[in-house]
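Next come the chains, spelled out residue by residue.
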Amino acid sequence: MEDKLRQGFLYDFYGELLNEHQRNIYESYIIEDLSLSEIADEQGISRQGVHDLIKRCNKMLEGYEDKLHLVDKFMHIREDVKAINDLAKEATEDNLAKICSISNDILEEL
């Protein structure tokens, strides 16, 4: 999985466990896609300080994932639902249309 995408998922699942300052900087980097320099200017800290904080946040979020595995479980469920959806599209029975609809709803919720 692409690094920034994984970081985004980690933040989605565990971001509330960071303090407000960490969340603000991490969101700026991951979600808003600002550069380290832009964040440093915005926050009034050094570029190196931003880099170190993001690195610490990544380590913390990965630590939560190592213990809880929520992102991995999410990705596996998402793959399974996509497979069900693809299989259901190939069938023609009415009940398979319902399966397709339900699996689409699940994908949208994830």
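Residues numbered from 1 in each chain as written. Predicted model: local features only at pLDDT ≥ 70, side-chain atom pairs only at ≥ 80, totals over all residues. Heavy atoms only, no water.

Observations concerning the pattern of salt bridges
Turning to step 1, where the next piece is worked out: The final tally for this structure, using the stated rule, is 3 salt bridges.
Turning to step 2, where the next piece is worked out: Two residues, aspartate 33 and lysine 4, come together in a salt bridge whose shortest N-O distance is 3.3 Å. Linking aspartate 33 in the loop between helix H2 (20-30) and helix H3 (36-43) with lysine 4 in helix H1 (residues 3-14), this pair joins segments that are 29 residues apart in sequence.
Turning to step 3, where the next piece is worked out: On the basis of relative accessibility, which here comes to 54%, the residue aspartate 33 falls in the exposed class. (Salt bridge = Lys/Arg side-chain N within 4 Å of Asp/Glu carboxyl O. Helix = DSSP H or I, 4+ residues; strand = E, 2+ residues; numbered from the N terminus. Buried < 20%, exposed > 50% of the residue type's maximum accessible area, 1.4 Å probe, protein only.)

Let's talk about the nonpolar core
Burial of nonpolar side chains together is a common tendency in soluble globular proteins.
Turning to step 1, where the next piece is worked out: Formed by 20 residues in total, the largest nonpolar core has its most connected members in Leu18, Ile25, Tyr26, Val50, Ile54, Leu61 and Val71.
Turning to step 2, where the next piece is worked out: No other element matches helix H4 (residues 47-68), which puts 5 residues into this core.
Turning to step 3, where the next piece is worked out: Every residue in contact with valine 50, bar those within four places of it in the chain, is listed here: Ile25, Leu36, Ile39, Ala40 and Ile45. (Core = buried A, V, L, I, M, F, W, Y, C linked by side-chain atoms within 4.5 Å. Contact = heavy atoms within 4.5 Å.)

Details of the environment of glutamine 7
Turning to step 1, where the next piece is worked out: By secondary structure assignment, the location of glutamine 7 is in helix H1.
Turning to step 2, where the next piece is worked out: Sequence separation between glutamine 7 and glycine 63 is 56 residues; the distance between their C-alpha atoms is 12 Å.
Turning to step 3, where the next piece is worked out: Dropping the residues within four chain positions of it, glutamine 7 is found in contact with Tyr26, Tyr29, Ile30 and Asn58.

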